[in-house]
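What follows is the residue order along each chain.
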Amino acid sequence: MNKPNPFFSDGKLRIPTAEELGFDPSEMRARYDYERDRRLRGDGYTQYQNIDGDLERYNEDPHITSKIDRAPVTEDIDIAVLGGGFGGMLMAARLQEAGITNFRIIERAGDFGGTWYWNRYPGAQCDVESYIYLPLLDETGYMPKLKYSFQPEIYEHAQRIGHHFDLYSRSYFQTQVRELRWDDAAARWIVTTDREDCIRARHVVISSGSLNRPKLPGIPGIRDFKGHTFHTSRWDYDYTGGSAVGNLDKLGDKRVAIIGTGATAIQSIPHLGAAAKQLYVFQRTPSSVDERRNRATDPDWYKSLQPGWQQDRNDNFTKLLVGVAVEEDLVNDGWTELFKSLGELMDGTGSSNLTVAELKLLGEIVDYQHDNRVRARIDDTVKDKATAEALKHWYRPWCKRPCFNDDYLPTFNRPGVKLVDTGGKGVDRLTEKGVMVDGVEYEVDCIIFATGFEVSRATYTRQAAMEVIGRNGETLGNYWAKGMRTYHGLMSHGFPNLYHMGFTQTGYTPNFTYQLDKQAQHLAKYFNDVQQRGLKALEPTLKAEEDYLALVLAPTAMTDYLASCTPGYYNAEGSAKSENDGFLQGHYPEGGLKFYEMLAEWRAKGDYAGLTVR
Ligand code: NDP
């Protein structure tokens with residue numbers, strides 16, 4: 001028998017009283033607004049210090065042990081794929097399946113892996129279930145060890161894909177593309193690199209990553225500190241000892257500061273806390289940290305899976321997250337829980353019976369219930385009451401990346417670990433000896449910046465460290481200066497045969513590799529067709545691009561949601577006038593599933609609607 005639903009009586013919505021709920025939604029809203037307002041600042045993204053000039057050392061590759069020695073290459077190819085992370089690798093794998101082999105992957109790093117090549121900080125782990133996150137499991141026959149994989153396994157899987165699809169022989173590593181220039185007469189891109197290569201490619205696919213260029217806090221004194229410093233995405237194991245699994249054995253006599261408490265910091269702090277003589281955690285905004293609930297993979301279950309299972313599981317996850325009813329929640333974790341809670345609360349009444357305001361209120365209540373549960377974990381775990389209070393987040397779950405970790409909170413019970421909460425202001429400055437907050441100087445030997453990555457899309461080509469010069473001599477940096485402009489999230493007017501992968505006004509779902517694979521599958525089928533028809537150049541019309549922009553930039557339910565959020569990169573550090581100024585800069589309004597259905601229908605029609613073709 002179904003339990004009675006306190007939110008409905010006789011099929012009509014009845015919001016329980018504050019007493020019944022255990023909290024007052026309007027008081028909660030006021031607290032969230034207060035916490036947002038005290039963090040709002042006028043300088044948005046410009047508050048950060050970009051890594052330029054002498055700070056470029058924070059961006060160097062610490063993982064390359066020897067430089068690849070090779071002569072410059074001059075060649076003509078069908079497709080150049082920029083980036084050897086999962087996006088570029090999926091593109092290459094799907095091209096092979098489509099029978100296209102005349103391609104190259106060009107990658108700045110020393111190996112495949114992208115994010116998982118660079119981010120080897122201790123404790124690095126993927127928050128999305130391995131069975132849906134690790135790409136091409138069906139194809140490679142690999143069984144992940146755990147429900148949530150750690151970095152070494154994910155990085156190894158990237159190499160597995162590289163070998164399985166023979167991608168190593170088709171890739172240039174330690175090679176930075178400097179410029180893409182369209183040669184209209186030849187209908188080719190001229191790709192030049194820091195190795196003096198000149199590669200002439202009919203098509204170019206850019207999958208250079210959206211969180212790849214580290215950034216530093218824009219505080220005074222960054223250059224004054226005399227101790228050791230590095231960014232989490234370029235972890236210095238020579239200094240700390242240990243590896244991505246921890247055991248930072250060189251920190252036993254060190255006083256360490258970590259600045260930032262985002263998803264990266266949450267995973268590395270338990271290892272720093274266990275190893276350092278003294279750890280100071282400098283917090284501006286707490287993360288929401290829920291249970292990890294990790295477990296080993298059951299080999300019998302894994303063996304029982306039928307071909308196509310990974311796609312089905314991914315579709316099931318994506319459906320749940322866009323509100324499509326499913327018979328069973330296959331992934332069944334912290335991501336799907338929130339969406340199920342709202343469904344359960346509506347309990348068969350169906351959203352169509354509710355007004356927009358009622359739906360909004362229900363969504364808010366579900367979020368508050370969830371947040372209260374996450375905050376209660378802190379009181380249950382952290383012994384010092386002031387520290388416990390300071391670790392509580394006061395914003396809704398999708399305002400910032402939700403975190404899942406079982407070791408983070410107990411770390412604050414260690415005698416050598418101190419949380420320095422900056423009350424939403426951030427650290428004031430660095431000095432020769434350490435970190436200043438509210439007039440107190442914390443002397444340390446090492447400062448670790450867990451301060452994230454550049455995200456403004458106006459700097460897309462800057463993030464990729466190259467320039468793109470299109471058909472009319474205009475640069476992509478200039479064309480996108482006021483925000484991204486795409487057709488189908490993939491192409492831009494004036495830039496023929498150039499395709500973007502990732503969060504570029506496409507259909508959103510939190511499982512990034514699902515998106516990348518869907519984009520790769522679409523593009524591979526498209527390239528196959530383009531080749532069979534002998535087409536040389538394809539580019540969206542301005543009208544098609546503008547119509548698509550109107551669709552993806554129209555306000556959605558997320559507009560109000562993000563405006564109510566504490567600052568972060570999702571809402572352009574609180575400076576967003578609309579959701580489109582934030583990280584996504586527009587997304588397909590009907591979500592991930594419908595977006596890829598739309599692309600498949602577009603392809604099936606075969607008329608290249610919206611493109612000029614020659
Ligand atoms: P974030 O940008 O999420 O976090 C940066 C942190 O630095 C925030 O806590 C921020 O505070 C803090 N900060 C910035 N300036 C200051 C300052 N002046 N003083 C004190 N603190 C400051 O970067 P991360 O590297 O943590 O994560 C980036 C993204 O990478 C995540 O959002 C996620 O998408 C991805 N990721 C995914 C993981 C996974 O499991 N798949 C794991 C790790 C990362 P404030 O919040 O106030 O801005």
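**Overview of the state of the cysteines**
Moving on, step 1. Throughout the structure, instances matching the rule amount to 1 disulfide.
Moving on, step 2. Covalent S-S linkage joins Cys399 and Cys565, the inter-sulfur distance amounting to 2.0 Å. The sign of the -75° torsion about the S-S bond sets the Cys399-Cys565 disulfide as left-handed. In this pair, Cys399 is assigned in the loop between helix H14 (385–390) and strand S15 (403–404) and Cys565 in the loop between helix H20 (557–563) and helix H21 (591–605), connecting sequence segments 166 residues apart.
Moving on, step 3. Assessed through its relative accessible area of 3%, Cys399 is described here as buried.
Moving on, step 4. Not engaged in a disulfide, the cysteine Cys403 finds its nearest cysteine sulfur in Cys126; these two sulfurs lie 12 Å apart.

**Here we look at helix H3 (residues 86–97)**
Moving on, step 1. Taking 1.5 Å of rise per residue, 12 residues should cover 16 Å, and H3 covers 16 Å from first to last C-alpha, within 8% of that figure.
Moving on, step 2. The buried fraction of H3 amounts to 10 of the 12 residues, a majority that puts the element mostly inside the structure.
Moving on, step 3. Those residues of H3 that fall on the buried side of the exposure criterion are Phe86, Gly87, Gly88, Met89, Leu90, Met91, Ala92, Ala93, Arg94 and Leu95.
Moving on, step 4. At the C-terminal side of H3, Gly99 shows a positive phi close to 85°.

**Things to note about the packing of aromatic side chains**
Any pair of aromatic rings gets described here by the distance separating the centres and the angle formed by the planes.
Moving on, step 1. This model, assessed by the stated rule, comprises 38 aromatic pairs.
Moving on, step 2. Between Tyr280 and Phe282 the ring centres are 6.3 Å apart and the planes differ by 40°, which places this aromatic pair in the tilted class.
Moving on, step 3. Take Tyr280: its relative accessible area is 15%, and that puts it in the buried class.
Moving on, step 4. Ring pairing ties together the aromatic residues Tyr499, Tyr526, Phe527, Trp602 and Tyr608, which thus form one cluster.

**A short note on the domain arrangement of the chain**
Moving on, step 1. According to the domain assignment, the chain consists of domain 1 (8–41 + 301–363), domain 2 (74–213 + 455–554 + 589–613) and domain 3 (216–292 + 369–449).
Moving on, step 2. Counting from both sides, the interface comprises 18 residues of domain 1 and, opposite them, 24 residues of domain 2.
Moving on, step 3. Our enumeration of links across domain 1 and domain 2 arrives at 1 salt bridge.
Moving on, step 4. Here Glu129 and Arg313 are joined by a salt bridge, their closest N and O atoms 2.7 Å apart.
Moving on, step 5. Between domain 1 and domain 2 we count 13 residue pairs in polar contact (both at pLDDT 80 or more) in total.
Moving on, step 6. Sorting the residues of the side of domain 1 that touches domain 2 by element identifies helix H10 (299–303) and helix H11 (309–321) as the ones contributing at least two each.
Moving on, step 7. Broken down by element, the side of domain 1 that touches domain 2 gets its largest block of residues, 10 residues, from H11.
Moving on, step 8. Taken together, the residues of the side of domain 1 that touches domain 2 sort by class into 9 nonpolar, 5 polar and 4 charged.

Reading the values: rules and limits
- Residues numbered from 1 in each chain as written.
- Predicted model: local features only at pLDDT ≥ 70, side-chain atom pairs only at ≥ 80, totals over all residues.
- Heavy atoms only, no water.
- Disulfide = S-S within 2.5 Å.
- Helix = DSSP H or I, 4+ residues; strand = E, 2+ residues; numbered from the N terminus.
- Buried < 20%, exposed > 50% of the residue type's maximum accessible area, 1.4 Å probe, protein only.
- Expected span 1.5 Å × (residues − 1).
- Phe/Tyr/Trp six-rings, centres within 6.5 Å; stacked < 30°, edge-to-face > 60°.
- Domains from an automatic or database assignment.
- Contact = heavy atoms within 4.5 Å.
- Salt bridge = Lys/Arg side-chain N within 4 Å of Asp/Glu carboxyl O.
- Polar contact = N/O pair within 3.5 Å; in protein donor to acceptor, adjacent residues only side chain to side chain.
- Nonpolar A, V, L, I, M, F, W, Y, C, P; charged D, E, K, R; others polar.

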